[in-house]
Amino acid sequence: MSRADAVCPSQRLAGKTAIVFGGGSVGGQINNGLAAALAYAAAAANVFVVDMSAAAVEGALAELERYRSASGSTVRVGGTIADVTDSARVLAAVDACVESVGRPNILHNNVGIARMGGPIEMSVEEWDTVLNVNLTSAFITTKHVLPHMLALGGGAIVNIGSIGGMRYLGYNYPSYSATKGGLTQFTVNVALEYASRGIRANCIAPGLIETPMMYQQIAGSYDSVEDMLAKRNALSPTGMMGDSFDIAHAAVFLASDEARYINGTCLPVDGGLTAAVAQ
């Protein structure tokens, strides 16, 4: 899923600090969170990774250190573990970010899970789990990062949604669709409420992206992995799925001053799939 040109060094985010929730990766496996962390670092931002497992945080930090060593980058990196549904743990993670790499003026919310099953098949408890992980977590992280952005005089929030929150895609996962749709509207509300105070909030809606999550949480809906890959590639107007760096590069742009007048948007990164479905 990685590309040779995936992390091209620039100074687009020089002087900024990004806190990436869901930025961990076990064994350095490229997922949306790690790709975002690497892309922010490549754009000269200090990066602080938060994930729920020590192994995931360590894996991401190892990849960030590898990038720093290979590129000669002097950005600061750090990380810690936290359950994003636990407000006290998230607050502690934000405090750790401030102490180790600086006050965050970029908040990147990448956490999300997909659970199959509609109202009949899914338990209320499982519905609540998806709601807390996919939507309430963004409320909690925003709650604790916003005061730092306000103190700094501005900031950028990038929430990772899904085109599944915009259109029915054929998967029986209404909990995922509902929470990702809710995340978009949460983003809009925050964007407009704080626009006059220098804070922008935008959402990215990935389309069919080849990530580890796809193999772990969606593959069971197909006859085989090969069947899944063939069908998802065929669905894309480009004839192939995107990868995690397609999402990461869009995030860097939205977090940068180049996007200073973009606020309250939901940007599909989907090869045109949403437009095709809408026809």
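Structural notes, computed from the coordinates. These numbers come from a predicted model, not from an experiment.

Let's talk about the overall build of the chain
Move 1: When its secondary structure is counted, the chain shows nine helices and seven strands.
Move 2: Its C-alpha atoms give the chain a radius of gyration of 18 Å, within 12% of the compact-globule value 19 Å for 279 residues.
Move 3: Projected onto its principal axes, the C-alpha coordinates of the chain cover approximately 45 × 40 × 35 Å.
Move 4: Here the chain holds 279 residues, and 51% of them are scored as buried.
Move 5: For the chain, the proportion of contacts with a sequence separation of at least 24, taken over those separated by at least 6, is 79%.
Move 6: Per element, the accessible surface of the chain, about 12100 Å² overall, is 54% carbon and sulfur.
Move 7: Distance from the positive charge centre (17 side chains) to the negative charge centre (23 side chains) of the chain: 9 Å.

Focus on the packing of helix H4 (residues 124-152) against helix H5 (residues 174-194)
Move 1: For the pair H4 and H5, the least separation of the axes is 9 Å and the interaxial angle reads 15°. Classified by the angle their axes make, H4 and H5 are roughly parallel. As for how H4 packs across H5, the hand of that crossing is right-handed. Of the residues in H5, those in contact with Trp-127, Val-130, Leu-131, Asn-134, Leu-135, Ala-138, Phe-139, Thr-142, Leu-146 and Leu-150 of H4 are Pro-174, Ser-175, Tyr-176, Ala-178, Thr-179, Lys-180, Gly-182, Leu-183, Phe-186, Val-190 and Tyr-194.
Move 2: Across the contact of H4 with H5, the residue classes tally to 15 nonpolar, five polar and one charged.

Focus: the packing of aromatic side chains
Move 1: Enumeration over the complete set of coordinates arrives at two aromatic pairs.
Move 2: On the numbers, 5.4 Å between centres and 50° between planes, the contact of Tyr-171 with Tyr-173 is tilted.
Move 3: We classify Tyr-171 as buried; its relative accessible area is 9%.
Move 4: Note on Tyr-173 and Tyr-176: the rings are 4.7 Å apart at their centroids and 35° apart in plane angle, and the pair reads as tilted. Just as Tyr-173 is buried, Tyr-176 falls in that class too.
Move 5: An aromatic cluster is defined as three or more aromatic residues linked by ring pairs; in this entry it consists of Tyr-171, Tyr-173 and Tyr-176.

What to know about the pairing of strand E4 (residues 106-109)
Move 1: Side chains of E4 alternate between two faces, with Ile-106 and His-108 and Leu-107 and Asn-109 buried alike.
Move 2: Pairing of E4 with strand E5 (residues 155-160), which is carried by four bridges, proceeds in the parallel orientation. When the sheet's bridge partners are listed, Ile-106 is paired in E5 with Ala-156.

Some points on H5
Move 1: Along its 21 residues, H5 runs 30 Å from first to last C-alpha, staying within 8% of the 30 Å computed at 1.5 Å per residue.
Move 2: For H5, the full list of buried residues reads Ser-175, Tyr-176, Thr-179, Lys-180, Gly-181, Leu-183, Thr-184, Phe-186, Thr-187, Val-190 and Ala-191.

Observations regarding empty space enclosed by the protein
Move 1: Overall, the coordinates contain one cavity of 30 Å³ or more when judged by the stated rule.
Move 2: Roughly 50 Å³ of internal volume is contained in the largest cavity.
Move 3: Within the residue set of the lining of the largest cavity, elements represented by two or more residues are H4 and H5.
Move 4: Sort the elements by how many residues they give to the lining of the largest cavity and H4 lands first, with four residues.
Move 5: Partitioned by chemical class, the residues of the lining of the largest cavity number six nonpolar, four polar and one charged.

Points about the nonpolar core
Move 1: Ranked by size, the top nonpolar core spans 38 residues in total, and within it Leu-13, Tyr-40, Val-47, Leu-64, Val-158 and Ile-204 carry the most contacts.
Move 2: Within the residue set of this core, elements represented by two or more residues are strand E1 (17-21), helix H1 (32-42), strand E2 (46-51), helix H2 (54-71), E5 and helix H8 (244-255).
Move 3: No other element matches H1, which puts nine residues into this core.
Move 4: Leaving out residues up to four positions away in the same chain, Leu-64 has contacts with Ala-37, Leu-38, Ala-41, Val-47, Val-49 and Val-77.
Move 5: Counting residues in each nonpolar core, the second largest holds 24 residues, with Phe-48, Phe-186, Ala-191 and Ile-199 among its members.

As for the environment of Val-20
Move 1: Relative to the assigned elements, Val-20 resides in strand E1.
Move 2: In sequence terms Val-20 and Asn-109 are 89 residues apart; their C-alpha atoms lie 6.3 Å from each other.
Move 3: Excluding anything up to four places from it in sequence, Val-20 contacts Gly-33, Ala-37, Tyr-40, Val-47, Phe-48, Val-49, Val-50 and His-108.

Considering helix H7 (residues 225-235)
Move 1: Listed in full, the buried residues belonging to H7 are Asp-227, Met-228 and Arg-232. Projected down its long axis, H7 carries its buried residues within an arc of 115°, all on one side. Exposed and oriented more than 90 degrees from the buried face of H7 are Glu-226 and Ala-234.

Digging into the packing of H1 against H2
Move 1: The interhelical angle for the contact between H1 and H2, taken along N-to-C directions, is 30°, at an axis separation of 10 Å. The orientation of H1 with respect to H2, classified from their angle, is roughly parallel. Of the two elements, H1 crosses H2, and the hand of that crossing is right-handed. Only Ala-60, Glu-63, Leu-64 and Tyr-67 of H2 make contact with H1, whose side of the interface consists of Leu-34, Ala-37, Leu-38, Ala-41 and Ala-42.
Move 2: Grouping the constituent residues of the contact of H1 with H2 by class yields eight nonpolar, no polar and one charged.

Cut-offs and rules
Residues numbered from 1 in each chain as written. Predicted model: local features only at pLDDT ≥ 70, side-chain atom pairs only at ≥ 80, totals over all residues. Heavy atoms only, no water. Helix = DSSP H or I, 4+ residues; strand = E, 2+ residues; numbered from the N terminus. Rg over C-alpha atoms; globule rule 2.2 N^0.38 Å. Buried < 20%, exposed > 50% of the residue type's maximum accessible area, 1.4 Å probe, protein only. Contact = heavy atoms within 4.5 Å. Areas by Shrake-Rupley, 256 points an atom, 1.4 Å probe, with all protein chains shown as cover. Lys, Arg positive; Asp, Glu negative; His and termini not counted. Charge placed at Lys NZ, Arg CZ, Asp CG, Glu CD. Axes fitted to C-alpha atoms, helices over the stretch in contact; angles between N-to-C directions. Parallel < 35°, antiparallel > 145°, perpendicular 65-115°, else oblique. Left-handed = near helix turned anticlockwise from the far one by under 90°. Nonpolar A, V, L, I, M, F, W, Y, C, P; charged D, E, K, R; others polar. Phe/Tyr/Trp six-rings, centres within 6.5 Å; stacked < 30°, edge-to-face > 60°. Pairing = 2+ DSSP bridges. Expected span 1.5 Å × (residues − 1). 1 Å grid on protein atoms, 1.4 Å probe; cavity = no way out; pocket = protein on both sides within 12 Å on 5 of 7 lines; lining within 4 Å. Points joined across faces, edges and corners; volume = space filled by probe spheres on them. Core = buried A, V, L, I, M, F, W, Y, C linked by side-chain atoms within 4.5 Å. Arc of directions from axis to C-beta.

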